[in-house]
Amino acid sequence: MLFLLLLVISFLLTIQSHSFQRSKVISSANFLTGGVYENINHVGEYFRLQSQNEILARENAELKILLLNKKDTAKVPEIDSLKGVNKMNIIVSKVIHNSYSVYENYLTLDSGSNQGIESDMGVINSLGIVGIIDQTSPKYATVISVLNVKSQINAKIKKTNHFGSLIWDGKNTGFVQLIDVPRLAAIRKGDTIVTGGQSVIFPENINIGTVDKIYIDNETNYYTLNVKLFNDMTNLGYVYIIKSKDREEIINLEKKSKNE
């Protein structure tokens, strides 16, 4: 015991009187404590995954607000000088229920009218469109999935700007159909299909999928395109609800025109 005590004292005296030995000991101690802190941090990160995912979702929403308002990537997004808000706002939500095995599929979100969600708002995620808000309650909302035979969305071929109506035939969860595409359109397999922007639900050029097969409707003489979705509709997490600042004004104006 006396020997060990003397050894420790001599060791401490050596460290204090020699800078080289002192630096080596400090470096070793930092390595050991750093490893411990790193492992503790990994455990903490595991338990913080949910909150971190929510933060990332909000950050992605802010980036999408910028992208959706940019007509030209070289220009600054337009801001409403009176209210200080963008023409397109985004509400972050999470899918808590998702059906995809029947003809009329719906999703349920963990956000509702308390967060400003209303019927007929577009729902997207980082890969493309998901569906359209159907009904809301204070805390929840249901979404008409793109995998719903009643769904009909304005879409176009990105490279040619030829429009059609996006529907689902109820057969395959990975594919939807773009119908009523004019025969004048030059289409190839692999062409990108995006939203057309001819409604207040979705802004223009939101991704949908790529052309997989091309059919000719002999009765109407129009193309029908089988479109492979960018989204895996069987595996959805966080989504973004698009809220257009001009939505109410456009709807009211169109109603007034129809009534007259």
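Attention in this report is confined to the structure presented alongside it. Everything quoted here is computed from the prediction, not taken from an experiment. Starting afresh in each chain, residues are numbered from 1 along the sequence in its written order. In view of the model being predicted, local features appear only for residues whose pLDDT reaches at least 70, and side-chain atom pairs are presented and counted only at 80 or more, with totals across whole chains, interfaces and linings using the full set of residues. Side-chain measures were taken over the full set of non-hydrogen atoms in the model, leaving aside hydrogen atoms and water.

Turning our eyes to something else, we now look at the side chain of asparagine 226. Mapped onto the secondary structure, asparagine 226 falls in strand β11 (residues 222-229). Any N or O atom pair separated by 3.5 Å or less is treated as a polar contact, with the protein-specific requirement of one donor-capable and one acceptor-capable atom, and with residues adjacent in sequence counted only for side-chain atom pairs. Among the polar contacts listed, one links the side chain of asparagine 226 to the side chain of glutamine 177, at a separation of 2.8 Å. The secondary structure listing takes helices from DSSP runs of H or I that are at least 4 residues long and strands from runs of E that are at least 2 residues long, numbered from the N terminus.

A few words on the nonpolar core. For the purposes of this section, nonpolar cores are sets of buried Ala, Val, Leu, Ile, Met, Phe, Trp, Tyr and Cys residues that join through side-chain atoms within 4.5 Å. Accessibility here uses a 1.4 Å probe with only protein chains present; expressed as a share of the type maximum, an area under 20% marks a residue as buried, one over 50% as exposed, and anything in between as partly exposed. Ile129, Ile133, Leu178, Ile193 and Leu225 are the most contacted members of the largest nonpolar core, which totals 45 residues. Contact criterion: two residues are considered in contact whenever any of their non-hydrogen atoms come within 4.5 Å of each other. When residues no more than four places from it in sequence are discounted, the contact partners of leucine 178 are Ala155, Ile157, Gly164, Ser165, Leu166, Ile193, Tyr223, Thr224, Leu225 and Val227.

Let us look at the pairing of strand β5 (residues 141-148). Of all eight residues making up β5, six are buried, and the element is well covered by its neighbours. A pair of strands is treated as paired once DSSP finds two or more bridges between them. Pairing between strand β2 (residues 104-109) and β5: five bridges, direction antiparallel. Across the sheet, residue glutamate 104 finds its bridge partner in β5, namely asparagine 148. Sheet topology note: the strand β4 (residues 129-136)/β5 ladder contains four bridges and is antiparallel. Note that in β5 the partner of glycine 131 across the bridge is serine 145. Between the end of β4 and the start of β5, which pair antiparallel, lie four residues.

Pairing is antiparallel around the closed barrel formed by six strands, whose spatial order is β6-β7-β8-β11-β10-β9. Each strand axis lies, on average, 40 degrees off the axis of its neighbour in the sheet, ignoring direction. For strand β10 (residues 207-217) and β11, the ladder comprises eight bridges, and the chain directions are antiparallel. When the sheet's bridge partners are listed, isoleucine 214 is paired in β11 with leucine 225. Note on method: axes are straight lines fitted to C-alpha atoms, helices fitted across the in-contact stretch only, with angles between N-to-C directions ranging 0 to 180 degrees.

This part takes up the pairing of β10. By the bridge criterion, three bridges tie strand β9 (residues 192-195) to β10 in an arrangement that is antiparallel. Considered in β10, the bridge of valine 194 is made with asparagine 207. Linking β10 to β11, which pair antiparallel, is a turn of four residues; within it asparagine 221 sits at a positive phi near 65 degrees.

The working definition used for a salt bridge is a side-chain nitrogen of Lys or Arg within 4 Å of a carboxyl oxygen of Asp or Glu. Counted under the stated rule, the structure contains three salt bridges. Across the pair glutamate 204 and lysine 156 runs a salt bridge whose closest N-O atoms are separated by 2.5 Å. Of this pair, glutamate 204 sits in the loop between β9 and β10 while lysine 156 is found in strand β6 (residues 153-157), placing the two residues 48 residues apart along the sequence. Residue classification places lysine 156 among the buried positions, given a relative accessible area of 2%.

With that settled, the discussion passes to the side chain of serine 99. Checked against the element boundaries, serine 99 lands in the loop between β1 (88-98) and β2. Engagement of the side chain of serine 99 in a polar contact is seen with the side chain of asparagine 105, the distance being 3.4 Å. Among all residues touching serine 99, those that are not within four sequence positions of it are Asn105 and Tyr106.

Here we come to the packing of aromatic side chains. Paired rings are identified among Phe, Tyr and Trp, the last through its six-membered ring, by centres lying within 6.5 Å, and are further divided according to the angle between planes into stacked (under 30 degrees), edge-to-face (over 60) and tilted (the rest). For the coordinates displayed, the defined rule picks out zero aromatic pairs. In this structure, arginine 183 is placed above the aromatic ring of tyrosine 223, and the distance from its NZ or CZ to the ring centre is 5.6 Å. Two conditions define a charge sitting above a ring: the NZ of Lys or the CZ of Arg must be within 6 Å of the ring centre, and it must be within 35 degrees of the ring normal.

Below, the discussion takes up the environment of asparagine 60. By the secondary structure assignment, asparagine 60 is in helix α3 (residues 49-68). In this structure asparagine 60 comes out as partly exposed when scored by relative accessible area, which is 35%. Spatially, the C-alpha atoms of asparagine 60 and serine 126 are 8.2 Å apart, while their sequence positions differ by 66 residues.

Here histidine 162 is to be found in the loop between β6 and β7 (163-167). Classification of histidine 162 by relative accessible area gives partly exposed; the value is 24%. Separated by 24 residues in the primary sequence, histidine 162 and alanine 186 have C-alpha atoms spaced 9.1 Å apart. When sequence neighbours within four positions are dropped, the list of residues in contact with histidine 162 reads Ala155, Lys156, Ile157, Pro182, Leu184 and Ala185. Of note is the side chain of histidine 162, whose polar atom sits 2.9 Å from the side chain of threonine 160.

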